[in-house]
2 protein chains.
Amino acid sequence: MAVYTDITDEELATLLADFDIGAPLSLKGVAEGVENSNFLLETETGRFILTIYEKRVRADDLPFFLDLLTWLAARGFPGAAPVADRQGRTLKVVRGKPAAIVTFLPGLSVRRPNAAHCREAGAGLAWLHLAAEGFALTRENTLGHAAWRPFFTPLEAAAEALKPGLAATIRADLDALDAAWPSGLPEGVIHADFFPDNVFFRGEAFAGAIDFYFACNDLLAYDIAVALNAWCFEADGSFNVTSARALVAGYESRRPLSAAERAALPILARGAAMRFFLTRLADWGPVPEGALVRPKSPLEYERKLAVHRESADLLLFGPAA
Amino acid sequence: MAVYTDITDEELATLLADFDIGAPLSLKGVAEGVENSNFLLETETGRFILTIYEKRVRADDLPFFLDLLTWLAARGFPGAAPVADRQGRTLKVVRGKPAAIVTFLPGLSVRRPNAAHCREAGAGLAWLHLAAEGFALTRENTLGHAAWRPFFTPLEAAAEALKPGLAATIRADLDALDAAWPSGLPEGVIHADFFPDNVFFRGEAFAGAIDFYFACNDLLAYDIAVALNAWCFEADGSFNVTSARALVAGYESRRPLSAAERAALPILARGAAMRFFLTRLADWGPVPEGALVRPKSPLEYERKLAVHRESADLLLFGPAA
């Protein structure tokens, strides 16, 4: 949620001269997305999002992200489709930074999802997984299970500072995750950040997903686990099993889970809680001067991790009726 | 340029239930405006800007601003028109803060205006002055000539810290402004912040003005003076007389100036430079934690003030051919 890069009218005109989308009518910086600069661009032919990629997104990964969005759009998944310039290129440069123009995806995200939203979100996630089948490029999940222990080592002191005794608890969690982490489950392209603010609704219906800048190859059921943590906890920290059942049932309405995938959901959800706890712990600290983004507290995911640690059977449920 | 207030889908639904503009399709926080929270809102019937007024705008002033925008829109001036709810109210409340929905005004602002842009801007400013004639409400210019000396007194140390000797220079400027400030010139509603980022173009043509939250009653020619400072200085600090002539000529294409108004432009421009120097000096200092807005350096307007101090005949020119 930030606008870092400013664009002059000359820079915009230079960029648009490469495209066949008409002259610009308006340009507004929007507070959306990970940590890129996003602009809502209106031209004579329609509305688009212009993204300037800031340093947090690795330039080497951009072809994967943009080609994936193009692939998904071509298969009818409602997302933002990259617009190619006259030479067929979607990856452009503005003010020395990588940039892309994608189509505007209308929709509203929900702040407090109910079970019906969770069902729609689950169905949307399965749609995404199915639409991504056959996509040729791959990207390792750099924040996946294998990365957590080395990621945590330099953060042990920060964990202790957050809560005395937490470092040892996390180390034990990492041991437990290593011991129980599943193998042999179906893999594919996952969104990896399927949070409510990245999912759009029109009325009560799923209208699409945005912000694919963590997308990678990993266990498909791990993506469900990320979503269960993001969608099914109440503000008071309690886990809403009705919402969780709805999310999984929605998912299975499009892509039924194997028994092994369903059995793995508890450990996958514990791992997904670890992943977001770790990155929030790493981002925590004094806000640097000039920063436009406030880091999220790691405590939210520390609590979710505790819920999964203490109730391993929380997600052991069959498909909803 | 900031989004301070967040809006949940429930709060948006509650607000829109009072209006006849259809269901919401998308909502995006936009980095635009003074220091309010602005959202680009798309509904089934069109596009709007939803503004939540943060503390810097006095709630008592909002009826003046909103009624002025309504008045201007009714007279055909291209601006953002407040949308009334079913009870005819334009001033609403969201999350305990004043809020309003206005129509979306397309257009692009220019970062480096050329003389042609200045001519269009001048004509647009005169259009605004003429369209505002007859508007019944009034609002004192709380940042006008009478306010500068009391505004400066507590800032003398800050001025000295910025540049040794500056406090005495500013005091002498205030004396000179008092001695030469004009009286008897035509008054009316002025925009008072007619900067390039508040003026929209479509191609090369004036497309409207936004951000009326400094609008007030004052000398009409003072509004031109504010614009001359904002539009006609080059990045290197030099004053572009060609652009200035174009701006005044554009203005006079719609509202010819009296000889007294034209003769007053140099002192009005010096005063307008003082006004922006003072507020930027007051806003200068360490960035508070969590602030989303970086204050602008007061040095830009200190230099503009110096230009007007040293070249009192800079703006003594007749109308352009």
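Residues numbered from 1 in each chain as written. Chains lettered and ligands numbered in written order. Predicted model: local features only at pLDDT ≥ 70, side-chain atom pairs only at ≥ 80, totals over all residues. Heavy atoms only, no water.

Draft legend 1. Highlighting the overall build of chain A. Along chain A, the regular secondary structure elements total ten helices and nine strands. Relative to the globule expectation of 20 Å for 321 residues, the C-alpha radius of gyration of chain A, 20 Å, shows essentially globular dimensions. Of all 321 residues assigned to chain A, the portion counted as buried reaches 55%. A total of about 13100 Å² of accessible surface is found on chain A, and carbon and sulfur atoms cover 54% of it. Each charge sign in chain A was given a centre, from 31 positive and 40 negative side chains, and these centres are 2 Å apart. (Helix = DSSP H or I, 4+ residues; strand = E, 2+ residues; numbered from the N terminus. Rg over C-alpha atoms; globule rule 2.2 N^0.38 Å. Buried < 20%, exposed > 50% of the residue type's maximum accessible area, 1.4 Å probe, protein only. Areas by Shrake-Rupley, 256 points an atom, 1.4 Å probe, with all protein chains shown as cover. Lys, Arg positive; Asp, Glu negative; His and termini not counted. Charge placed at Lys NZ, Arg CZ, Asp CG, Glu CD.)

Draft legend 2. Expanded view of the sheet that holds strand 5 (residues 97-103) of chain A. Residue and element names in this part refer to chain A. The strand order 1-2-3-5-4 describes an open sheet built from five strands, whose pairing is antiparallel. For this open sheet the edge positions go to strand 1 (24-29) and strand 4 (92-94), each flanked by a neighbour on one side alone. Pairwise comparison of adjacent strand axes, ignoring direction, gives a mean angle of 35 degrees for this sheet. Taken together, the three bridges between strand 4 and strand 5 define a ladder with antiparallel strand orientation. Across the sheet, residue valine 94 finds its bridge partner in strand 5, namely lysine 97. (Pairing = 2+ DSSP bridges. Axes fitted to C-alpha atoms, helices over the stretch in contact; angles between N-to-C directions.)

Draft legend 3. Inspection of the domain arrangement of chain A at higher detail. Residue and element names in this part refer to chain A. When its domains are assigned, chain A resolves into domain 1 (9-103) and domain 2 (115-310). Taking only C-alpha atoms into account, the centre of domain 1 sits 27 Å from that of domain 2. Domain 1 puts 22 residues into the contact, and the matching count from domain 2 is 26 residues. A buried area of about 2100 Å², summed over both sides, lies between domain 1 and domain 2, and 74% of it is on carbon and sulfur atoms. (Domains from an automatic or database assignment. Contact = heavy atoms within 4.5 Å. Buried area = accessible area lost by both parts, 1.4 Å probe.)

Draft legend 4. Highlighting the sheet that holds strand 5 (residues 97-103) of chain B. Residues and elements named next belong to chain B. One open sheet accounts for five strands, arranged 1-2-3-5-4; its pairing is antiparallel. Looking at strand neighbours, the two that pair on one side only are strand 1 (24-29) and strand 4 (92-94), the edges of this open sheet. With direction set aside, neighbouring strand axes in the sheet form an average angle of 35 degrees. Note that strand 2 (residues 37-43) and strand 3 (residues 46-52) share seven bridges and pair antiparallel. Each residue of the ladder has a partner; that of leucine 41, found in strand 3, is phenylalanine 48.

Draft legend 5. Up close: the state of the cysteines. All names here are of chain A. Evaluated as defined, the whole model comprises zero disulfides over all chains. The thiol of cysteine 118 is unpaired, and the distance to the nearest cysteine sulfur, on cysteine 232, comes to 4.1 Å. Classification of cysteine 118 by relative accessible area gives buried; the value is 0%. (Disulfide = S-S within 2.5 Å.)

Draft legend 6. Highlighting helix 9 (residues 259-283) of chain B. Residue and element names in this part refer to chain B. Look at helix 9: 36 Å from first C-alpha to last across 25 residues, which is about the 36 Å you get at 1.5 Å a residue. At leucine 265, helix 9 is bent by approximately 45 degrees, the largest bend along its length, and proline proline 266 sits one to four residues beyond. Within helix 9, 19 of the 25 residues are buried, leaving the element largely enclosed by the surrounding structure. (Expected span 1.5 Å × (residues − 1). Bend = angle between axes of the 7 residues up to and from the residue.)

Draft legend 7. Spatial organisation of the pattern of salt bridges. All names here are of chain A. As enumerated under the stated definition, the model contains 42 salt bridges over all chains in all. Note that arginine 58 is salt-bridged to aspartate 60, the shortest N-O span being 3.5 Å. Using a relative accessible area of 62% as the deciding quantity, one classes aspartate 60 as exposed. A salt bridge links lysine 92 to aspartate 85, with the shortest nitrogen-to-oxygen separation between them at 2.7 Å. In this structure lysine 92 comes out as buried when scored by relative accessible area, which is 8%. Each of Asp18, Asp85, Arg89 and Lys92 takes part in one network of salt bridges that share partners. (Salt bridge = Lys/Arg side-chain N within 4 Å of Asp/Glu carboxyl O.)

Draft legend 8. Main features of the side chain of A:Ser109. One can find A:Ser109 in the loop between strand 5 and helix 3 (115-132). Ignoring anything within four residues of it in the chain, the contact list for A:Ser109 reads A:Pro196, A:Asp197, A:Val199, A:Phe200 and B:Asp9.

Draft legend 9. Local environment of the side chain of A:His117. By secondary structure assignment, the location of A:His117 is in helix 3. Setting aside anything within four residues of it in sequence, one finds A:His117 in contact with A:Val110, A:Arg112, A:Phe201, A:Glu204 and A:Trp231.

Draft legend 10. Structural view of the packing of aromatic side chains. This model, assessed by the stated rule, comprises 34 aromatic pairs over all chains. Note on A:Trp148 and A:Tyr222: the rings are 6.4 Å apart at their centroids and 40 degrees apart in plane angle, and the pair reads as tilted. With A:Trp148 in helix 4 (residues 145-152) and A:Tyr222 in helix 7 (residues 220-231), this pair connects stretches of sequence that are 74 residues apart. For A:Trp148, a relative accessible area of 3% puts it in the buried group. Ring geometry for B:Phe195 against B:Tyr301: centres 6.4 Å apart, planes inclined by 35 degrees, an arrangement best described as tilted. In this pair, B:Phe195 sits in the loop between strand 6 (187-190) and strand 7 (199-202) while B:Tyr301 sits in helix 10 (residues 299-310), placing the two residues 106 residues apart along the sequence. A network of ring pairs unites the aromatic residues A:Tyr53, A:Phe64, A:Phe65, A:Trp71, A:Phe135 and A:Tyr213 as a single cluster. Sitting over the face of the ring of B:Phe214, B:Arg275 holds its NZ or CZ atom 5.3 Å from the ring centroid. Here the guanidinium or amino end of B:Arg275 rests over the ring plane of B:Phe276, the centre of that ring lying 3.8 Å away. (Phe/Tyr/Trp six-rings, centres within 6.5 Å; stacked < 30°, edge-to-face > 60°. Lys NZ or Arg CZ within 6 Å of the ring centre and 35° of its normal.)

Draft legend 11. Structural context of the environment of A:Leu268. Residues and elements named next belong to chain A. Tracing the sequence through the fold places leucine 268 in helix 9 (residues 259-283). The exposure class of leucine 268 is buried, given its relative accessible area of 0%. On a C-alpha basis, the gap between leucine 268 and alanine 180 in space is 9.3 Å, while along the polypeptide they are 88 residues apart. Once you skip the residues sitting within four places of it in the chain, leucine 268 turns out to touch Trp181, Pro182, Leu185, Leu219, Ala221, Tyr222 and Ala225.

Draft legend 12. Spatial organisation of helix 7 (residues 220-231) of chain B. Residues and elements named next belong to chain B. The first and last C-alpha atoms of helix 7 sit 17 Å apart over twelve residues, in line with the 16 Å expected at 1.5 Å per residue. Counted residue by residue, helix 7 has twelve buried out of twelve residues, so it is predominantly covered. Buried within helix 7 are the following residues: Leu220, Ala221, Tyr222, Asp223, Ile224, Ala225, Val226, Ala227, Leu228, Asn229, Ala230 and Trp231.

Draft legend 13. Spotlight on unusual backbone geometry. All names here are of chain A. Its identity is not glycine, yet arginine 95 carries a phi of approximately 50 degrees, on the positive side. The topology assignment puts arginine 95 in the loop between strand 4 and strand 5. Not every positive phi belongs to a glycine, and aspartate 211 is a case in point at roughly 60 degrees. Among the structural elements, aspartate 211 can be located in the loop between strand 8 (205-209) and strand 9 (216-219). The buried category is assigned to aspartate 211, whose relative accessible area is 10%.

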